[in-house]
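Residue strings, one per chain:
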Amino acid sequence: GSPQRAATVSVLALDEEGEPRSEPNVISVRAASVGGVALAAREDEGLLAWVGHDAGQTQVFATRLDKTGKRLGQQMITRAKGAVSDVAVARADDGWFLAWVDWRDGNGEVYVTKLDRSLTRTLPERRITRAQGDASQVRIVARGDEVWLGWMDAREGAPSTDPFAIRLSAKDLSPRGEEVRLAASAMHSHGLQLGATSDGLVAGWIDEAEDGSSSQVKLLRLDANGMPQGLPVAVPLETSPISLALSCQAQRCRGLTVSNTHSGALRVDAFVSNGAHASPVQLFAHGGSSAVAAAPALAGDGAVIASDDWNGRGRLRRMRLVWE
């Protein structure tokens, strides 16, 4: 709750050439970095979800943005006692779906709600998980009349985390079937990403050895009922990835990974996958501190990567890519 320990949330709007439309717009100087940021957009506006400090507690906030990244409105979404983190947001036809992890009951559980375009809650918040252990890394995807939620969770006191997913009705956020454990592994799983396809969903994540000596990206295709189709497929990367971005359309997915190299530089690879095969291509490697590299973000044909250079200065890099 100390202002000295708070983070700053800023928004920068880029034009079609990747050039800034204006200076960064500061949304808050009392944010909690553990909450992350989540952004969804439509033609004329966007919604930014983040976690901030309020009266000694962390709460979920939603900020409505115009096309230049300026704030049009803002609401504090949660008001319960207990920490919150890991926000996720997806566009709805008439508003936005918002999910997060909440500790009001002692464990980190997944919650979800719906907001209209004026940031008014239109559906009561719904608790999704009820299990010992803390959920994390929530992801949300809207697909037709359904909302798909994914998250990482440690169950039955296990030291490792596994990916889970569930289908919800977009009408009232009620579950459509039971949650599904996408994979069970002794390795530590993290970096969950979801992408909607024409007939289901693709989930991607990173499996990391317990000692951190190696890691690999796994991809798993789910059918329209949320059931896994076969076993997870490993992406044949030459290095150990530390973060992953995934974007899907029709039957194909685009992926971007950031990895450590033996020299200490950060390496960026890209791949295209149909769910069963992926051939990564190295884009570039640059010096930096991999310990503070943020996960990349895919947007259209481009990507944004945040990391520090050798001197600890923050860098935000934007790439335009030709996908084949």
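Details of the structure are given in the entry above.
Below: a short report on this structure.

Scoring rules and cut-offs
Each chain has its residues counted from 1, running along the sequence as written. Per-residue local features of the predicted model are confined to residues with pLDDT of at least 70, and side-chain atom pairs are confined, for both listing and counting, to 80 or more; whole-chain, interface and lining totals are unaffected and use all residues. The basis for every side-chain value is the complete set of non-hydrogen atoms in the structure, without hydrogens or water. To qualify as a helix, a DSSP run of H or I must reach at least 4 residues; to qualify as a strand, a run of E must reach at least 2; elements of each kind are numbered from the N terminus. Pairs of N or O atoms are called polar contacts if they sit within 3.5 Å, as long as, within protein, a hydrogen donor faces a hydrogen acceptor (for residues adjacent in sequence, only side-chain-to-side-chain pairs). Here, residues are in contact when the closest pair of their heavy atoms is within 4.5 Å. Working definition of a nonpolar core: buried Ala, Val, Leu, Ile, Met, Phe, Trp, Tyr and Cys residues. They are joined through side-chain atoms within 4.5 Å. Note on classification: 1.4 Å probe, protein chains only; a residue is buried when its accessible area is under 20% of the maximum for its type, exposed when over 50%, partly exposed between these limits. Think of it this way: DSSP has to see at least two bridges between two strands before they count as a pair. With axes taken as lines fitted to C-alpha atoms, and helix axes fitted only over the stretch in contact, angles between N-to-C directions fall between 0 and 180 degrees. In what follows, salt bridge is the name for a side-chain nitrogen of Lys or Arg lying within 4 Å of a carboxyl oxygen of Asp or Glu.

Turning our attention to the side chain of glutamate 45. Mapped onto the elements, glutamate 45 comes out in the loop between β3 (37-41) and β4 (46-54). Reaching out from glutamate 45, the side chain makes a polar contact with the side chain of arginine 64 at a distance of 2.5 Å. Those residues within four positions of glutamate 45 in sequence are excluded, and the remaining contacts are Arg64, Leu65, Trp96 and Arg117.

Before going further, it helps to spend a moment on the nonpolar core. Within the largest apolar cluster, 21 residues are counted, with the highest numbers of intra-cluster contacts made by Val112, Ile128, Val138, Ile140, Leu149, Trp151 and Leu168. Residue assignment for this core shows that the elements contributing at least two residues are β7 (84-92), β8 (95-102), β9 (109-116), β11 (135-143), β12 (146-153) and β13 (162-169). Those residues within four positions of leucine 149 in sequence are excluded, and the remaining contacts are Ala99, Val110, Val112, Ile128, Val138, Arg139, Ile140, Phe164, Ala165, Ile166, Leu168 and Leu194.

Turning to the environment of isoleucine 206, a few remarks are in order. Looking at the element boundaries, isoleucine 206 is found in strand β16 (residues 200-208). Sequence separation between isoleucine 206 and glycine 73 is 133 residues, and the spatial gap between their C-alpha atoms is 36 Å. Each residue touching isoleucine 206, except ones within four places of it in the same chain, is listed here: His188, Ser189, His190, Ser215, Gln216, Val217, Pro241, Ile242, Ser243 and Leu244.

Taken in spatial order, the 4 strands make up an open sheet running β7-β8-β9-β10, and their pairing is antiparallel. With one partner strand each, in any of the chains shown, β7 and β10 (121-127) form the two edges of the open sheet. Taking each pair of neighbouring strands and ignoring which way they run, the sheet shows an average axis angle of 15°. The sheet contact formed by β7 and β8 spans 7 bridges and is antiparallel. Across the sheet, arginine 91 pairs through a bridge with tryptophan 96, a residue of β8.

Right, let's talk about the pattern of salt bridges for a bit. Opposite charge on two side chains permits them to pair, given that their charged atoms come into close proximity. What the rule picks out here adds up to 21 salt bridges. The partner of arginine 104 in a salt bridge is glutamate 125, with the nearest N and O atoms 2.5 Å apart. Here arginine 104 is found in the loop between β8 and β9, whereas its partner glutamate 125 is found in strand β10, with 21 residues between them in sequence. Judged by relative accessible area, which is 26%, glutamate 125 ranks as partly exposed. Overlapping salt bridges bring together Asp44, Glu45, Arg64 and Arg117 as one network.

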